[in-house]
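Structural overview
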Amino acid sequence: MKKVLVILYGIIAYVVFLAAFLYAVGFVGNMFVPKTIDSGEEIPILTALLINVALLSLFALQHSVMARPAFKKWFTQYINPAIERSTYVLLTSLLLLLIYWKWQPMATIVWETENAAAVVLTILFFSGWAIVFLSTFMISHFELFGLTQIFQNFKEQSLTYPKFQVNWFYKLVRHPIMLGFIIAFWSAPTMTTGHFLFAGVTTAYILVAVKFLEEKDLKKLIGKDYETYQKNVPMILPLTKFKKGCK
Ligand SMILES: C[S@@+](CC[C@H](N)C(=O)[O-])C[C@H]1O[C@@H](n2cnc3c(N)ncnc32)[C@H](O)[C@@H]1O
């Protein structure tokens, strides 16, 4: 019975994640969905700024704390380790839904494009999301979102977590998922102040979190191989050439 509940919980977490992810495309792109980054009544700009920064900070805090190995070690004393990843995924998704719900539009235009430029930016926007989605499969999509772990629990197998990968996009940059997000967030044919704030804060958070949190953990976990990877493959921008000899 417990094992079935674990499966149910993991599947619900994954479905909520999929919904939050798909909604994100419409929310940031101002398309397909009822509430977007630029829709709704405007409130005084300072109040909007405070609410939006608070929402993004809440997301950054949850993400930074719950992804750390020390937190996971503490947390899995109280919950079944098989649902640790699903819980992280579920809370992340719920916070995303909160952002969509409470986000305050700030409608002043920063830039506006037309014709070819607008088409190019729209293509880049969708390419960014495609990079994000495809990259999750290059690591291990179903482990990353907790599904593998709940089925391993069902079959009473020991839990596995994503293995260190240097494949496909991961040969070009160390953080293609984050690169995809950055491309999607900045590729706006019409950029408003609210969208600019969203893109600016999330990009700053990504750069800091990746360098000072995620890579620190990965270096500890993987050791020399990750250091070699850092030396040979650029962090976010695929500007430097991939050198041979990186495992
Ligand atoms: C949301 S993913 C983001 C991965 C990476 N920062 C990116 O932007 O593509 C976070 C998880 O990916 C794992 N991860 C990061 N780089 C990895 C790699 N090269 N191979 C396997 N897992 C990796 C981290 O340990 C973490 O659990």
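The protein chain is annotated in an unreviewed UniProt entry as methanethiol S-methyltransferase from Pricia antarctica. We quote the UniProt Subcellular location (unreviewed entry) comment for the protein chain here in full: "Membrane". The UniProt entry for the protein chain carries the following comment under Sequence similarities (unreviewed entry): "Belongs to the nurim family."

1. Observations regarding a nonpolar patch on the surface
Taken together, Val-4, Ile-11, Val-15, Phe-151 and Phe-154 make up a surface patch of nonpolar side chains, about 420 Å² in accessible area. When contributions to the nonpolar patch are tallied by element, the ones reaching two or more residues are helix 1 (2-29) and helix 7 (147-154). Counting residues per element, the nonpolar patch draws most heavily on helix 1, which supplies three residues. Here Ile-11 lies in helix 1. By relative accessible area, Ile-11 is classed as partly exposed at 36%.

2. Considering the UniProt feature "domain: NnrU" (unreviewed entry) in the protein chain
As recorded in UniProt, the sites labelled "domain: NnrU" (unreviewed entry) are residues 53-209. Summarising residues 53-209: 67% helix, 4% strand, and an end-to-end C-alpha distance of 17 Å.

3. A word on the site of the ligand
Every residue near the ligand is listed here: Ile-139, Leu-144, Lys-163, Phe-164, Gln-165, Tyr-170, His-175, Pro-176, Ile-177, Met-178, Glu-214 and Leu-218. Pro-176 is positioned with one of its backbone polar atoms (N or O) 3.4 Å from an oxygen atom of the ligand. Side-chain polar atom of Glu-214 to a nitrogen atom of the ligand: 2.7 Å apart, as the coordinates give it. Among the elements of the structure, helix 8 (176-186) and helix 9 (193-222) are those that each provide at least two residues to the shell around the ligand. Taken together, the residues that form the shell around the ligand break down as eight nonpolar, two polar and two charged.

4. Things to note about the side chain of Thr-92
Along the polypeptide, Thr-92 turns up in helix 4 (residues 84-102). Looking at Thr-92, the relative accessible area reads 10%, which means it is buried. A distance of 2.7 Å separates the side chain of Thr-92 from the backbone oxygen of Tyr-88, its partner in a polar contact. Sequence-distant contacts of Thr-92, defined by excluding residues within four places in its chain, comprise Phe-59, Gln-62 and His-63.

5. A short note on the confidence of the model for the protein chain
For the protein chain, per-residue confidence averages 95 on the pLDDT scale, and residues scoring 70 or more make up 97% of the total. Low confidence marks residues 243-247, where pLDDT is under 50. Its contacts with residues over four positions away, or in another chain, come to 10 contacts. Here the predicted complex scores 0.96 on pTM and 0.99 on ipTM.

6. Here's the deal with the side chain of Gln-104
Residue position: Gln-104 is located in the loop between helix 4 and strand 1 (109-112). A polar side-chain atom of Gln-104 sits 2.9 Å from the main-chain carbonyl oxygen of Lys-102. Apart from residues lying up to four places away in sequence, Gln-104 is in contact with Glu-41, Ile-43, Ala-48, Ile-51 and Asn-52.

7. Digging into the environment of Val-233
Structurally, the position occupied by Val-233 is in the segment after helix 10 (224-232). Sequence separation between Val-233 and Ser-127 is 106 residues; the distance between their C-alpha atoms is 21 Å.

8. Observations concerning helix 8
Among the 11 residues in helix 8, eight count as buried, and that is most of the element. For helix 8, the complete set of buried residues consists of Pro-176, Ile-177, Leu-179, Gly-180, Phe-181, Ile-182, Ala-184 and Phe-185.

9. A word on helix 7
Inspection of helix 7 places Leu-147, Gln-149, Ile-150, Gln-152 and Asn-153 among the buried residues, and these make up the whole buried set. Among the structural elements, helix 1, helix 4 and helix 6 (141-144) are those in contact with the buried residues of helix 7. Following helix 7 by one or two positions, Glu-156 adopts a phi angle in the positive range, close to 55°.

10. Things to note about unusual backbone geometry
Most peptide bonds take the trans configuration, and most residues that are not glycine carry a negative phi. With a phi angle near 65°, Phe-32 is a residue other than glycine that sits in the positive phi range. Relative to the elements of secondary structure, Phe-32 occurs in the loop between helix 1 and helix 2 (45-66). One non-glycine residue, Trp-168, adopts positive backbone phi at about 40°. Topologically, Trp-168 is positioned in the loop between helix 7 and helix 8. Residue Trp-168 is classed as exposed on the basis of its relative accessible area of 65%.

Quick notes on the rules
Residues numbered from 1 in each chain as written. Predicted model: local features only at pLDDT ≥ 70, side-chain atom pairs only at ≥ 80, totals over all residues. Heavy atoms only, no water. UniProt positions renumbered as here; feature names shortened; annotations may be inferred. Patch = residues over 30% accessible without salt bridge, like charges linked within 9 Å, V, L, I, M, F, W, Y side chains within 5 Å. Areas by Shrake-Rupley, 256 points an atom, 1.4 Å probe, with all protein chains shown as cover. Salt bridge = Lys/Arg side-chain N within 4 Å of Asp/Glu carboxyl O. Helix = DSSP H or I, 4+ residues; strand = E, 2+ residues; numbered from the N terminus. Buried < 20%, exposed > 50% of the residue type's maximum accessible area, 1.4 Å probe, protein only. Near = heavy atom within 4 Å. Polar contact = N/O pair within 3.5 Å; in protein donor to acceptor, adjacent residues only side chain to side chain. Nonpolar A, V, L, I, M, F, W, Y, C, P; charged D, E, K, R; others polar. Contact = heavy atoms within 4.5 Å. pLDDT = per-residue confidence, 0-100.

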